[in-house]
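Architecture at a glance
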Amino acid sequence: MRPYFEHMDDLGHALREGEIKRARANVKAIEQVEAEISAAVEHVKDAGFPTEKINARGQLTVWQRLEYLVDPGTWCPLHTLYNPLDNPEGTTNVIDGLARISGKWAVVIGFDNKVLAGAWMPGQPENILRAQDVAKRLNVPLVWLVNCSGAKLPDQEKFYANRRGAGTPFFRHAELEQMGIPVLAGIYGTNPAGGGYQGISPTILFAHEKCNIAVGGAGIVSGMAPKGEFDVEGAEGLIEKARHFKAQPPGRVETHFGETGFFRQVFETEEGVLDALKEYMREMPAYHPRFYRVAEPVRPKFPEEDLYRLVPIDPKRVYSFEQVLARLVDNSEHIEFRPDYGPEVYTGLCKVDGLLIGFVGNRQGYLGKGYPEYADYPAMGGKLYRQGLIKLNEFVTHCGRDRVPICWIQDTSGIDVGDLAEKAELLGLGQSLIYSIQQTDVPMMLIVLRKGTAAAHYVMGGPTANRHNAFTLGAATTEIYVMHGETAAVATYSRRLIKEKDAGRPLDPIVEKMNELAKQYHDNSRPLFCAKKGLVDEVVPMPDLRRYVQAFAGAAYQNPRSICPQHHLMLPRIIKG
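Here the structure is a predicted model, which is why all the values come from computation and not from measurement.

Considering the overall build of the chain
- Counting its regular elements, the chain contains 23 helices and 21 strands.
- Taken over the C-alpha trace, the chain has a radius of gyration of 26 Å; the compact-globule value for 577 residues is 25 Å, and the two agree within 12%.
- Expressed as lengths along the three principal axes of its C-alpha atoms, the size of the chain is roughly 85 × 75 × 45 Å.
- Counting the 577 residues in the chain, one finds 54% classified as buried.
- Counting only contacts in the chain whose residues sit at least 6 apart along the sequence, the fraction spanning at least 24 positions is 77%.
- Per element, the accessible surface of the chain, about 25900 Å² overall, is 54% carbon and sulfur.
- Of note, the chain has its 66 positive side-chain charges centred 3 Å away from the centre of its 70 negative side-chain charges.

In structure tokens:
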């Protein structure tokens, strides 16, 4: 199959001087948003005790552990700003991402021991489940840095129970293990109750000599015989018990290494635990990349920084999708699937680090006379029409057959609406696309480059509409809503306007409410909001988008559950005709 992939069609072109000059304001606007995102990330990193105080206790912070553990330059953080229940600490208290350890891709997650000694907090179970889902979809190991003091007790009702509460991650570890996905844990500090199960539920346990894991910690054990109320005499007894269990906490190393044998190895230093994780990751099952590469890795012909100039922050301005793609893929090359059909969407095969990836994206601007063929109105890019939906169904189905992972790049204003659109079967074709995506069983990632709108956000690889989305990225230009704020205001108040007009009453109060709703939609669709509420898994600087696609490609091909031999591929042959 070398003739198909070694020399593919050229994609994009270098920016001209005039294009660079005209984009200066756009670059400045995007960089301003990225600076806000960066400040929010630093706030999360600075939460809790200062690093110096943790180090003075003889401990490393979770950030220092991550830096020591992962291969340099491979850390791709996820869910950094995720805080859906507005914890005052600004975090769910776990840090996770995709990274290589000893040359193998893994999902890495750790408790932030600077904040309440790594306690469970509102929103944390859902954060953990998202990280586990990434490992599950990509079929890569999950590596834990356990340092969990148990529940933040005053907020327990916000996360303890429910179907996706604090116990669900332990079941999910068992599910991953049933699927053959190992869960490795390096264990530090005191880990009672939920922290104990966090320590025991992984597959392999490496322990620091001063750690413990237990069903109940010192505070729980010393308070397990209450009279129904508290008095001074009881308080004195609690003090004595608490002092004893603080000095001799249950579940120490001598118990779980010397007696139960739960701990595989025990280490005197923090680095020793991390070195053991590295050693075991080195021995994890994985294909060498050459097994799946269709060509040698090559950088794009054009710099990733061009994306600052190519992607307008103004959602009403158009741009070339091909120019964007040319900054993400090897040697800025591709082969396009059905270029003369469904012009509103791009579908094609590209190489990322020499690995074959299917790309899907929205084209922008006027789509030409006579399109869509079922209507007498002009078609504009960003919207999905009959041909585009049919093409998307075909492409993802072929990717599923050929076992090609898919990267979706969204900038969509929705699916065409109206009676003509209904007669053209767009409702059925949209749902058919959800079915086609779900039956592929290949890993997918999504970049919401600008607009993620209405059902088009679902059907174009959206995380709510399939089990194959490993993660979703946003950028400084991202906005996600059911419809544009101005459209929502019209949809909400148009009939009220008619009623007020016919009654001879002033329209100013309704107009004011329309403007308030439009502003609310704008504020609740910004990148920071999307990251905080989990609409995207991370907001990424423009030049880092390719790095995340590389991580996705490497992880997806590391140990896939099924294989299509290169000489059995049909998509490149179908494209060639």
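Picking up where we left off.
Let's talk about the sheet that holds strand β11 (residues 333-336)
- A sheet is described by the order of its strands in space; here 8 strands give the open sequence β1-β11-β12-β13-β15-β17-β19-β21, paired in mixed fashion. Each edge of the open sheet carries a strand with a single partner, namely β1 (9-10) and β21 (538-539).
- Lying over the sheet, helix α22 (residues 545-556) contacts β12 (345-352), β13 (355-362), β15 (406-410), β17 (444-448), β19 (469-474) and β21, oriented at roughly 170° with respect to β17.

Describing the sheet that holds strand β3 (residues 94-101)
- Taken together, 7 strands build an open sheet; the order of strands is β2-β3-β4-β5-β6-β8-β10 and the sheet is mixed. Every other strand in the sheet has two partners, leaving β2 (76-78) and β10 (265-267) as the edge strands with one partner each. Put simply, the sheet's adjacent strands are angled 20° from each other on average, direction ignored.
- Two elements, β2 and β3, share 3 bridges in a ladder whose sense is antiparallel.

Re the packing of aromatic side chains
- Summed over all chains, the structure comprises 16 aromatic pairs.
- When the centroid spacing of 4.8 Å and the interplanar angle of 70° are considered together, the rings of Phe-206 and Tyr-280 count as edge-to-face. Of this pair, Phe-206 sits in strand β8 (residues 204-208) while Tyr-280 sits in helix α12 (residues 270-282); the two residues are 74 residues apart in sequence, bridging distant segments of the chain.
- Exposure remark for Phe-206: the relative accessible area of 0% places this residue in the buried category.
- The structure contains a cluster of three or more aromatic residues connected by ring pairs, namely Phe-111, Trp-120, Trp-144, Phe-170 and Tyr-197.
- When the ring centre of Tyr-188 is taken as reference, the NZ or CZ atom of Arg-65 above it lies at 3.8 Å.

Structural notes on the pairing of β3
- Counting buried residues in β3 gives 7 out of 8 residues, a clear majority hidden from the surface.
- With 8 bridges joining them, β3 and strand β4 (residues 104-111) adopt antiparallel strand pairing. The residue bridging Ala-99 from the neighbouring strand is Ala-106, located in β4.
- Here β3 folds back onto β4 in antiparallel fashion, the turn holding 2 residues, of which Ser-102 has a positive phi close to 55°.

Structural notes on the packing of helix α6 (residues 124-138) against helix α7 (residues 168-178)
- For the pair α6 and α7, interaxial distance at closest approach is 10 Å and the crossing angle is 10°. Here α6 lies roughly parallel to α7, going by the angle between them. Residues Pro-125, Ile-128, Leu-129, Gln-132, Asp-133 and Lys-136 of α6 form the contact with α7, whose participating residues are Thr-168, Pro-169, Arg-172, His-173, Glu-175 and Leu-176.
- Classifying every residue of the contact of α6 with α7 by side-chain character gives 5 nonpolar, 3 polar and 4 charged.

So, the domain arrangement of the chain
- Taken domain by domain, the chain holds domain 1 (47-215 + 250-282), domain 2 (289-478 + 526-571) and domain 3 (484-523).
- A C-alpha centroid distance of 49 Å is found between domain 1 and domain 3.

Comments concerning the nonpolar core
- Judged by nonpolar contacts, the single largest core of 155 residues is most densely connected at Trp-144, Phe-359, Trp-408 and Phe-471.
- No other element matches the 8 residues that α22 contributes to this core.
- Sequence-distant contacts of Trp-144, that is, excluding residues within four places in its chain, are made with Val-94, Ile-109, Gly-110, Phe-111, Ile-128, His-173, Val-183, Leu-184, Ala-185, Gly-186, Gln-198 and Leu-277.
- Grouped together as the second largest cluster of nonpolar side chains are 5 residues, Ala-489, Tyr-493, Met-514 and Leu-517 included.

Brief notes about the pairing of β15
- In terms of residue burial, β15 counts as a mostly covered element, since 5 of its 5 residues are buried.
- Neither face of β15 is exposed, since Ile-406, Trp-408 and Gln-410 on one face and Cys-407 and Ile-409 on the opposite face are all buried.
- Sheet topology note: the β13/β15 ladder contains 4 bridges and is parallel. If you follow Gly-361 over to β15, its bridge partner there is Ile-409.

Rules used in this analysis
- Residue numbers run consecutively from 1 along every chain, following the written order of its sequence.
- In keeping with the predicted nature of the model, local features appear solely for residues at pLDDT of at least 70, side-chain atom pairs appear and are counted solely at 80 or more, and the whole-chain, interface and lining totals rest on all residues.
- Side-chain metrics in this entry use all non-hydrogen atoms of the structure; hydrogen atoms and water are not considered.
- Under the DSSP-based scheme used, a helix requires at least four consecutive residues in state H or I and a strand at least two consecutive residues in state E, with every element numbered from the N terminus.
- When we talk radius of gyration, it's over C-alpha atoms, and the globule rule is simply 2.2 Å times the number of residues to the 0.38.
- Partly exposed residues are those whose accessible area sits between 20% and 50% of the maximum for their type, while under 20% is buried and over 50% is exposed, using a 1.4 Å probe and protein chains only.
- Any pair of residues with heavy atoms lying within 4.5 Å of one another is described as a contacting pair.
- Residue exposure ignores everything except the shown protein chains as possible cover, and the areas themselves are Shrake-Rupley values with a 1.4 Å probe.
- When charges are tallied, Lys and Arg are placed among the positive residues and Asp and Glu among the negative ones, while His and the ends of the chain are skipped.
- Charge placement uses NZ in Lys and CZ in Arg. For Asp and Glu, CG and CD serve respectively.
- Any two strands are treated as partners once DSSP identifies two or more bridges connecting them.
- Note on geometry: axes are C-alpha line fits, over the in-contact stretch for helices, and angles between N-to-C directions span 0 to 180 degrees.
- The criterion for an aromatic pair is that two Phe, Tyr or Trp rings (for Trp, the six-membered ring) have centres within 6.5 Å, with stacked assigned to planes under 30 degrees apart, edge-to-face to planes over 60 apart and tilted to the rest.
- Charge-over-ring placement is defined geometrically: NZ (Lys) or CZ (Arg) within 6 Å of the ring centre, and within 35 degrees of the ring normal.
- Angles are sorted into four bins: roughly parallel if under 35 degrees, roughly antiparallel if over 145, roughly perpendicular if 65 to 115, and oblique for all others.
- Gly is put with the polar residues, along with every residue not named as nonpolar or charged; the nonpolar set is Ala, Val, Leu, Ile, Met, Phe, Trp, Tyr, Cys and Pro, and the charged set is Asp, Glu, Lys and Arg.
- An automatic or database domain assignment provides the domain bounds reported here.
- Side-chain atoms within 4.5 Å link the members of a nonpolar core, which is a set of buried Ala, Val, Leu, Ile, Met, Phe, Trp, Tyr and Cys residues.

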